[in-house]
Amino acid sequence: MQRDGHPPAPTGAQLPPAILLQSDDWGLCAWSPDEEAWRENRQLVSSPTAADYCGSTLESPEEMRRLFALLAAHPGADGLPAVMQANYVLCAPDYERIRAENFRAWHGIELPAVPPRWARGDLIAAAHEGYRAGVWQPEYHGYTHGNTHRLLTLLQQRDPLAHHLFERECWPLHDEVCGAEYWQGVEPRHLARGLQLFERLFGFPARSFVPSCYITSPGLAGGLRRGGVRVLQAANRNGPPPDRRTALHTLRLRAEHAWHRRLARIPRDADFEPRGQSPHGTETPVWQATLARVEAAVARRGAAAISTHRLNYAHLDPTWVEASLAQLALLLKGIADRIPGAVYLTDWEYAQLVVTGASVEQRGPSLVFRNYTRQPCLVCVPPTSAPLESAALTDRGLTVVDARRGVVRVPPGCHQLASAVELPSRQAGTTAS
Ligand SMILES: [Zn+2]
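The shown structure was predicted, so the numbers you read here are calculated from the model rather than taken from an experiment. (Residues numbered from 1 in each chain as written. Predicted model: local features only at pLDDT ≥ 70, side-chain atom pairs only at ≥ 80, totals over all residues. Heavy atoms only, no water.)

Peer 1: Pulling in residues and values, what's your account of the layout of surface pockets?
Peer 2: Size it by volume and the second largest pocket reaches roughly 630 Å³. Trp 31, Ala 50, Tyr 53, Leu 173 and His 174 are, among the 31 residues lining the second largest pocket, the residues nearest its centre. Contributing elements (two or more residues each) for the lining of the second largest pocket: β1 (18–26), α2 (48–54), α7 (160–167) and α8 (176–179). When grouped by side-chain class, the residues that make up the lining of the second largest pocket number 14 nonpolar, nine polar and eight charged. (1 Å grid on protein atoms, 1.4 Å probe; cavity = no way out; pocket = protein on both sides within 12 Å on 5 of 7 lines; lining within 4 Å. Points joined across faces, edges and corners; volume = space filled by probe spheres on them. Helix = DSSP H or I, 4+ residues; strand = E, 2+ residues; numbered from the N terminus. Nonpolar A, V, L, I, M, F, W, Y, C, P; charged D, E, K, R; others polar.)

Listed below in structure tokens is the structure:
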């Protein structure tokens, strides 16, 4: 992919219009855990955006299932359901232990465990359900999302708002620096731990990533690449923290990205943030503006990546969720009506396709092989997929070239094979310092 994030199409390949749904903040224990905290917190914020976020909360399995059903009801032109890439955050503050040590050291509670006020049931089992149905693709958003050094500093300095929020098991996200995990640099231990935990929870490594608040730091690209990540989302939005936008800092980030060239960089083209807006109560519903941007991006570069945060689909006000889901249904219907042939892809599928014109991906119950060139192509099946059955492949004209390495020759076209995946049983909660 090119530096500006606009990938060249491989020679001769005819990719269908590709839609990527990218959604941040899943698994994040923010902003308010319950109605009581929401009532108190919203009196402390002034901007409308902050007020919207105040009612945002950790998703429940019920909210996830409603979203899954909606995605399943809107397949792309290839018959596969719309798939949402849910960018996960895996570790919340361990409020009790941090307080017991007088705010001197960081302690975390890792998914599937959460701090007491955030209990919602089994979120990881629900994520597995969505993955098996082919509508939910967990990816990586960060270990803590928040900046652990900044959190401790605010608490040690007796910042009154930080303490008020801490007592309610909330991150002090009114503080811009505190919201961004990598604002003050990358903690290599947390990055390695997060990627390892991701694989243990979901049963496969993260392949795609977006940094919290689009803030990156030197050391991040290298650590991600070593941890198995292959795709950077929001390539057109990521950058160093505002207070470090020096020529030297920018040069270091560029040099690091050049070194890790195999990280594919996908730009975000459109935001879809209805934030509880009823599609019927306004002349300019959010979904229409998003659809216009999606159509423009598809016309320009054959693909559109849509950013849509968890805030829309998990909220302490149930009518907010209702309205956001109604808008999403209208957007997905609009895509089907206005963009003939549009298909929903994962970032990893798209990254493979723009480089070689062919891809392989586990999409729920199917292993999906695509080849949009005019000649047979070789693809490498991920080791976490079910063992390849030669007979089923041969029936579709696919050939196993190297069974040990999972290399398959794929004729032109889109080939979907039934293939059950093994996911890990739920792990017991762990706490890490
Ligand atoms: Zn985020």
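Here the narrative resumes, following the displayed structure.
Peer 1: Can you lay out the pattern of salt bridges for me, pointing to particular residues and giving the numbers?
Peer 2: Enumeration over the complete set of coordinates arrives at 21 salt bridges. Across the pair Arg 99 and Glu 167 runs a salt bridge whose closest N-O atoms are separated by 3.4 Å. Separated by 68 residues along the polypeptide, Arg 99 in helix α4 (residues 95–100) and Glu 167 in helix α7 bring together distant segments of the chain. By relative accessible area, Glu 167 is classed as partly exposed at 42%. A network of salt bridges, in which partner residues are shared, links Asp 78, Glu 349, Arg 363 and Arg 370. (Salt bridge = Lys/Arg side-chain N within 4 Å of Asp/Glu carboxyl O. Buried < 20%, exposed > 50% of the residue type's maximum accessible area, 1.4 Å probe, protein only.)

Peer 1: Break down the nonpolar core for me, with residues and values.
Peer 2: In this structure, Ile 19, Tyr 88, Trp 136 and Ile 335 are the most contacted members of the largest nonpolar core, which totals 84 residues. For this core, the leading source of residues is helix α13 (residues 318–338), giving seven residues. Of all hydrophobic cores here, the second largest spans 14 residues; its members include Leu 20, Ala 303, Tyr 350 and Leu 353. (Core = buried A, V, L, I, M, F, W, Y, C linked by side-chain atoms within 4.5 Å.)

Peer 1: Report on helix α5 (residues 123–132), specifying residues and quantitative values.
Peer 2: Buried residues dominate α5, accounting for seven of its ten residues. Within α5, burial applies to Leu 123, Ile 124, Ala 126, Ala 127, His 128, Gly 130 and Tyr 131. In this fold, the buried residues of α5 make contact with α3 (61–72), β2 (84–89), β5 (136–142), α9 (188–202) and β12 (358–363). One side-chain oxygen of the residue at the start of α5 lies 3.3 Å from the amide nitrogen of Ile 124, identifying that residue as Asp 122. One or two residues past the end of α5 sits Gly 134, with phi positive at roughly 80°. (Contact = heavy atoms within 4.5 Å. Polar contact = N/O pair within 3.5 Å; in protein donor to acceptor, adjacent residues only side chain to side chain.)

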